[in-house]
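Listed below are the residues making up each chain.
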2 protein chains.
Amino acid sequence: MDFSEAVEIKILHFGLRKLKPTQILVFGFAALILVGGILLNLPSASKSGQSIGFLNALFTSTSAVCVTGLVVVDTQTQFSTFGQIVIMCLIQMGGLGIMTMATLIFLLLGKKITLRERIVMQEALNQSTLSGLVKLTRHILLTTFIFEGIGAILLSIRFTQIYGISKGIYYGVFHAVSAFNNAGFDLIGGFKNFTPFVEDPIINGVIMGLIIFGGLGFTVIHDLLLKRNFKHLSLHSKVVITMTLLLLVSGFITFYCLEYSNLKTLGNLSPTGKILAAAFQSVTARTAGFNTLNLSDLTMPSKYFTIFLMFIGASPASTGGGIKTSTFAIIIMMIYTILASKEDVEIYQRRVPMDNIFKAVVIGVIALLLVFTSSFLLTITEKADFLSILFETTSAFGTVGLTLGITTELTSIGKIIIILTMFAGRVGPLTLAMALGSRINKAMIRFPEERILVG
Amino acid sequence: MDFSEAVEIKILHFGLRKLKPTQILVFGFAALILVGGILLNLPSASKSGQSIGFLNALFTSTSAVCVTGLVVVDTQTQFSTFGQIVIMCLIQMGGLGIMTMATLIFLLLGKKITLRERIVMQEALNQSTLSGLVKLTRHILLTTFIFEGIGAILLSIRFTQIYGISKGIYYGVFHAVSAFNNAGFDLIGGFKNFTPFVEDPIINGVIMGLIIFGGLGFTVIHDLLLKRNFKHLSLHSKVVITMTLLLLVSGFITFYCLEYSNLKTLGNLSPTGKILAAAFQSVTARTAGFNTLNLSDLTMPSKYFTIFLMFIGASPASTGGGIKTSTFAIIIMMIYTILASKEDVEIYQRRVPMDNIFKAVVIGVIALLLVFTSSFLLTITEKADFLSILFETTSAFGTVGLTLGITTELTSIGKIIIILTMFAGRVGPLTLAMALGSRINKAMIRFPEERILVG
Ligand SMILES: [K+]
Ligand SMILES: [K+]
């Protein structure tokens, strides 16, 4: 890095400092949600010509911007084409916003960027200069539109066969955007989501592909496109890919076994249908929120396992939510390290820095406390059963959008709690990661050490 | 510490090394449970003269040794006096065993004992020599019997008024032992536990006192008796006392508010009765397992909050279970530290060492995974509702003994899962704490650092 570059980085830093990224993120999202709520509240956003009411509009807008997919009204039945396009735009802006912000924050504001990472960054994005910033955004936009474009074409071909040309193309575009952004909104109607297509290999395949790539995160996709060899990938990409595969496979096996003889879900499907449906459930649970099975028909252990997957979620700098695959991986490796009496948390022959481990733990614990608080409040305000409440809250936190059916029956306070949980689940971990990236205040006085017994 | 003392400590260390403390603990407890199971399986252990069957006997024995209090048969109705005395002995041995082992392990095997702690230890127990070991055990026995003795006398006075002299004294002793050891076993009959005494100030007061002191842990009790001034206490004692008070008060307020107008619980009680019942519920939830209210009558948020309290549990080196108050305190302070961008986790003007924090986190995460796995398996094997299953599992892990009523309806596999969960919940955290106390294996090769994105 020569001198001029260094100066430019400084300018860049100061520029972003003035804007206070945490504020951009929180207020930007809140403003977008508010605008969306106002638009969706308009009578013209509804098919019936009657407004759905501001709270419902705000709920829908939050769900779209936070790419969650929980719905209090059916998107196809309730909203006019104008309303539906507003929702699609909110999804796209929410998804892109998070992906861009997250990538920028992680790559540019991370205080302790190693030489190796800086080289990877420069190689990959050439964004150590201000022009790099523009380039980065362009890269992200391009990647998004390529994936969504391919998805839309493939889906349109299939949907045209069912709905005719114009509606088929419209459905192709809407669902490609919704799937790549892990939003989970659908236009099938009657809260059915993709259940009519449970055995359709094309729709299942395309949607799963879009969800998985959208959930990997931009940095990983870029790393993959550039290196094409697992060995040369960054540690982050390796961890994300390994964990994603592990979760997808274990989810598939779990759902396949638990639902095999459940006549309401896999029981009556063809052998291929069983495999497709179990795979789709595994893919969708970790943040996408589409469903080809009716979730309330699942067995109790499947519902519980879905909660576990929803809590973990997708990968950082992606369109997905949850505590993130890498966070979970670090926590698991930390436990292994301590149980094996090793000194360093090592993954793929690299040492994970101490503050990196701490961040992971803090994100995990805060997420737990958030889900606990939110579900605790709902047990006071709602009449639903406990499993449905815990499911709903985790779904909102992980911006998943799956539900056991209580979303439409929420009280007004319940709706507000879920709105806040979606918002916190979406901007929270990122804001936290940012705040944690800031320089640590060196204490003036260091107190003496003293141990506390635990366990 | 002079030379001869140093030699003696070395001898002591080697002596305990040969015995492998983790093995003593695990096999000792398993053997005690087995012997208890064989005894309780005898026809003479039952009032009816018919054996309750080995699985039920093993369940009861595990519940007694692990001082849990979950019961598949009613202790008073089912067991003969012989059977009941076996149970009381198992409780006493289980409780003392854990308290002694834990204190020994924490005080003697802790590898990184600071000078200050060593001084505190010597002051308090003078156990840096082999004779100190005997003294320590004697101290623990003495403390236990003083508390249980006072409790037994007070309870006997009250019970004599109800049950007559001989039964009154027997009940006084049994329940004092059960309460100080946080066991939760009762002889009231018909699974009623202390519900008939919900408004009885003496029984409530004595039982609560025994539970609280039993749950503080021997080191804290000793520290308290010796110093009598909060300022001079060890950091550990300060943290345990503060956290215990905070949890007791917040539990009381929560239950008082949530149950105030619930006609099945506090609703029909007198103003004093309401306060007593809410206080008792707050005290019992964090590991004792007695109940003056029927738990299945509680509102859903109260049940959920009870799960939270059961998971946290009592304090280290006590008769109680859970992840422990100090573990929870460290995790919360760690989050505060990181959110406040501070460098050190500071409590009461002391720095908490890094490995201490790691231990706390590892214990918390492993406990979560244990409760998750165990309850997940139960959702497969049992027909009960989800909240009851999560409640039962957390109760077993935290060796609490409260139930929403499904213990007696468990399938055979369900009973085995709960037996294993009680055992893991009892010896697990301690074994873990021990294993974590062992010297860390310095790696031969240290890999280069590389960061992973989280959140
Ligand atoms: K979603
Ligand atoms: K107990």
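- An unreviewed UniProt entry lists chain A under the name Ktr system potassium uptake protein B, from Tepidanaerobacter acetatoxydans.
- The record held by UniProt for chain A lists under Subcellular location (unreviewed entry) the comment "Cell membrane".

### Brief notes about the overall build of chain A
For step 1, the next point in the chain: Assigned secondary structure in chain A consists of 17 helices and 2 strands.
For step 2, the next point in the chain: Considering chain A as a whole, with its 455 residues, one finds that 61% of them fall into the buried category.
For step 3, the next point in the chain: At a minimum sequence separation of 6, the contacts of chain A that also span at least 24 residues come to 71%.
For step 4, the next point in the chain: Within the structure as shown, chain A displays about 17600 Å² of accessible surface, and the carbon and sulfur contribution to it stands at 68%.

### Quick word on empty space enclosed by the protein
For step 1, the next point in the chain: For the structure shown, the criterion picks out 6 cavities of 30 Å³ or more.
For step 2, the next point in the chain: In this structure, the largest cavity spans a volume of roughly 1100 Å³.
For step 3, the next point in the chain: Phe311, Leu368 and Leu369 of chain A together with Phe311 and Leu368 of chain B are the residues nearest the centre of the largest cavity, which is lined by 37 residues in total.
For step 4, the next point in the chain: At 8 residues, the largest contribution of residues to the lining of the largest cavity is made by helix H15 (residues 354–381) of chain A.

### Observations concerning the coordination of the potassium ion (ligand 1)
Ideal values for angles at a metal depend on the geometry: 109.5 degrees with four tetrahedral donors, 90 or 180 degrees with six octahedral donors.
All names here are of chain A.
For step 1, the next point in the chain: With distances of 2.5 to 2.8 Å, the protein atoms coordinating the potassium ion (ligand 1) are Val67 (O), Thr68 (O), Asn182 (O), Thr287 (O), Ala288 (O), Thr399 (O) and Val400 (O).
For step 2, the next point in the chain: Within one chain, the residues serving as donors to the potassium ion (ligand 1) are arranged as V-T-x113-N-x104-T-A-x110-T-V. Residue Thr399 shares its accessibility class with Val400, and that shared class is buried.

### Thoughts on a nonpolar patch on the surface
Residues and elements named next belong to chain A.
For step 1, the next point in the chain: Together, Leu142, Ile146, Ile150, Ile153, Leu154 and Ile157 line one region of the surface with nonpolar side chains, adding up to about 590 Å² of accessible area.
For step 2, the next point in the chain: For Ile146, the position within the fold is in helix H7 (residues 130–163).
For step 3, the next point in the chain: For Ile146, a relative accessible area of 48% puts it in the partly exposed group.

### Considerations on the coordination of the potassium ion (ligand 2)
Residue and element names in this part refer to chain B.
For step 1, the next point in the chain: Distances from the potassium ion (ligand 2) to its protein donors, Val67 (O), Thr68 (O), Asn182 (O), Thr287 (O), Ala288 (O), Thr399 (O) and Val400 (O), fall at 2.4 to 2.8 Å.
For step 2, the next point in the chain: On the primary sequence, the residues serving as donors to the potassium ion (ligand 2) are separated as V-T-x113-N-x104-T-A-x110-T-V. Residue Thr68 is located in the loop between helix H3 (54–65) and helix H4 (75–78), and its partner Thr399 is located in the loop between helix H16 (386–397) and helix H17 (412–437); the two are separated by 331 residues in the primary sequence. Of the two residues, Thr68 and Thr399, both sit in the buried class.

### What to know about the confidence of the model for chain A
All names here are of chain A.
For step 1, the next point in the chain: Residues at a pLDDT of 70 or more form 82% of chain A, whose mean pLDDT is 83.
For step 2, the next point in the chain: Counting interchain partners and residues more than four positions distant, the pLDDT-below-50 stretch residues 1–18 has 16 contacts.
For step 3, the next point in the chain: Below pLDDT 50 for its whole length, residues 109–130 participates in 48 contacts with residues either more than four positions away or in separate chains.

### Digging into the pattern of salt bridges
Residue and element names in this part refer to chain B.
For step 1, the next point in the chain: Inspection of every chain in the model, using the stated rule, returns 4 salt bridges over all chains.
For step 2, the next point in the chain: The salt bridge involving Arg158 is made with Asp200; its shortest N-O contact spans 2.6 Å. Taken together, the positions of Arg158 in helix H7 (residues 130–163) and Asp200 in the loop between helix H8 (165–180) and helix H9 (201–216) put the pair 42 residues apart, joining distant regions of the chain. The burial state of Arg158 is the same as that of Asp200; both residues are buried.
For step 3, the next point in the chain: Ionic pairing is found between Asp223 and Lys227, a salt bridge with its closest N-O pair at 2.6 Å.

### Topic: the nonpolar core
For step 1, the next point in the chain: Membership of the largest hydrophobic core comes to 106 residues, with the highest contact counts inside it found for Met334 of chain A together with Met334 of chain B.
For step 2, the next point in the chain: If we ignore the near neighbours within four places in the chain, the residues touching Met334 of chain A are Val345, Ile357 and Val361 of chain A together with Phe358, Val361 and Val362 of chain B.

### What about the packing of H15 of chain A against helix H13 (residues 300–312) of chain B?
For step 1, the next point in the chain: The interhelical angle for the contact between H15 of chain A and H13 of chain B, taken along N-to-C directions, is 155 degrees, at an axis separation of 8 Å. The orientation of H15 of chain A with respect to H13 of chain B, classified from their angle, is roughly antiparallel. Together, Phe372, Ser375, Phe376, Thr379 and Ile380 of chain A of H15 of chain A and Met300, Pro301, Tyr304, Phe305 and Phe308 of chain B of H13 of chain B make up the contact between the two elements.
For step 2, the next point in the chain: Residues of the contact of H15 of chain A with H13 of chain B, tallied by class, amount to 8 nonpolar, 2 polar and no charged.

### Side note on unusual backbone geometry
The phi torsion of most residues other than glycine is negative, and most of the peptide bonds are trans.
All names here are of chain B.
For step 1, the next point in the chain: Of note in this structure, Asn182 is not a glycine but carries a positive phi near 55 degrees.
For step 2, the next point in the chain: Residue placement: Asn182 occurs in the loop between H8 and H9.
For step 3, the next point in the chain: At Asn193, a residue that is not glycine, the phi angle is positive and equals roughly 55 degrees.

### Describing H16 of chain B
All names here are of chain B.
For step 1, the next point in the chain: When the terminal C-alpha atoms of H16 are compared, their 16 Å separation across 12 residues agrees well with the 16 Å that a helix rising 1.5 Å per residue should span.
For step 2, the next point in the chain: Among the 12 residues in H16, 12 count as buried, and that is most of the element.
For step 3, the next point in the chain: Every buried residue of H16 is accounted for by Phe386, Leu387, Ser388, Ile389, Leu390, Phe391, Glu392, Thr393, Thr394, Ser395, Ala396 and Phe397.
For step 4, the next point in the chain: Downstream of H16 by one or two residues, Thr399 has phi in the positive range, about 45 degrees.

### Section: the packing of helix H12 (residues 271–285) of chain A against helix H13 (residues 300–312) of chain A
All names here are of chain A.
For step 1, the next point in the chain: Where H12 contacts H13, the axes come no closer than 8 Å and their chain directions differ by 40 degrees. In terms of their interaxial angle, H12 and H13 are classed as oblique. Two secondary-structure elements touch here, H12 through Gln281, Ser282 and Ala285 and H13 through Thr306, Leu309 and Met310.
For step 2, the next point in the chain: Classifying every residue of the contact of H12 with H13 gives 3 nonpolar, 3 polar and no charged.

### Points about helix H8 (residues 165–180) of chain A
The α-helix winds at 3.6 residues per turn, so residues separated by three or four positions along the chain end up facing the same way.
For step 1, the next point in the chain: Between its terminal C-alpha atoms H8 of chain A stretches 22 Å, which fits the 22 Å expected from 16 residues at 1.5 Å a residue.
For step 2, the next point in the chain: After H8 of chain A finishes, the residue Asn182 of chain A shows a positive phi value of roughly 55 degrees.

### A closer look at the packing of aromatic side chains
For step 1, the next point in the chain: Scanning all chains against the criterion turns up 46 aromatic pairs over all chains.
For step 2, the next point in the chain: Taking the ring centre of Tyr260 of chain A as reference, the NZ or CZ of Lys274 of chain A above it sits at 5.0 Å.

### Some details on the environment of Lys415 of chain B
Residue and element names in this part refer to chain B.
For step 1, the next point in the chain: Take Lys415: it is sitting in helix H17.
For step 2, the next point in the chain: Taking relative accessible area as the criterion, Lys415 reaches 12% and is therefore assigned buried.
For step 3, the next point in the chain: For the pair Lys415 and Val72, spaced 343 residues apart in sequence, the C-alpha separation works out to 8.8 Å.
For step 4, the next point in the chain: Side chain to side chain, Lys415 and Asn56 meet in a polar contact 2.8 Å long.

### Re the side chain of Gln84 of chain B
Residues and elements named next belong to chain B.
For step 1, the next point in the chain: Note that Gln84 resides in helix H5 (residues 81–109).
For step 2, the next point in the chain: Its relative accessible area of 4% is what places Gln84 among the buried residues.
For step 3, the next point in the chain: A distance of 3.4 Å separates a polar atom in the side chain of Gln84 from the backbone oxygen of Thr75.

Parameters and conventions
- Residues numbered from 1 in each chain as written.
- Chains lettered and ligands numbered in written order.
- Predicted model: local features only at pLDDT ≥ 70, side-chain atom pairs only at ≥ 80, totals over all residues.
- Heavy atoms only, no water.
- UniProt positions renumbered as here; feature names shortened; annotations may be inferred.
- Helix = DSSP H or I, 4+ residues; strand = E, 2+ residues; numbered from the N terminus.
- Buried < 20%, exposed > 50% of the residue type's maximum accessible area, 1.4 Å probe, protein only.
- Contact = heavy atoms within 4.5 Å.
- Areas by Shrake-Rupley, 256 points an atom, 1.4 Å probe, with all protein chains shown as cover.
- 1 Å grid on protein atoms, 1.4 Å probe; cavity = no way out; pocket = protein on both sides within 12 Å on 5 of 7 lines; lining within 4 Å.
- Points joined across faces, edges and corners; volume = space filled by probe spheres on them.
- Donors = N, O, S within 2.8 Å, 3.2 Å for Na, K, Ca; no water.
- Patch = residues over 30% accessible without salt bridge, like charges linked within 9 Å, V, L, I, M, F, W, Y side chains within 5 Å.
- Salt bridge = Lys/Arg side-chain N within 4 Å of Asp/Glu carboxyl O.
- pLDDT = per-residue confidence, 0-100.
- Core = buried A, V, L, I, M, F, W, Y, C linked by side-chain atoms within 4.5 Å.
- Axes fitted to C-alpha atoms, helices over the stretch in contact; angles between N-to-C directions.
- Parallel < 35°, antiparallel > 145°, perpendicular 65-115°, else oblique.
- Nonpolar A, V, L, I, M, F, W, Y, C, P; charged D, E, K, R; others polar.
- Expected span 1.5 Å × (residues − 1).
- Phe/Tyr/Trp six-rings, centres within 6.5 Å; stacked < 30°, edge-to-face > 60°.
- Lys NZ or Arg CZ within 6 Å of the ring centre and 35° of its normal.
- Polar contact = N/O pair within 3.5 Å; in protein donor to acceptor, adjacent residues only side chain to side chain.

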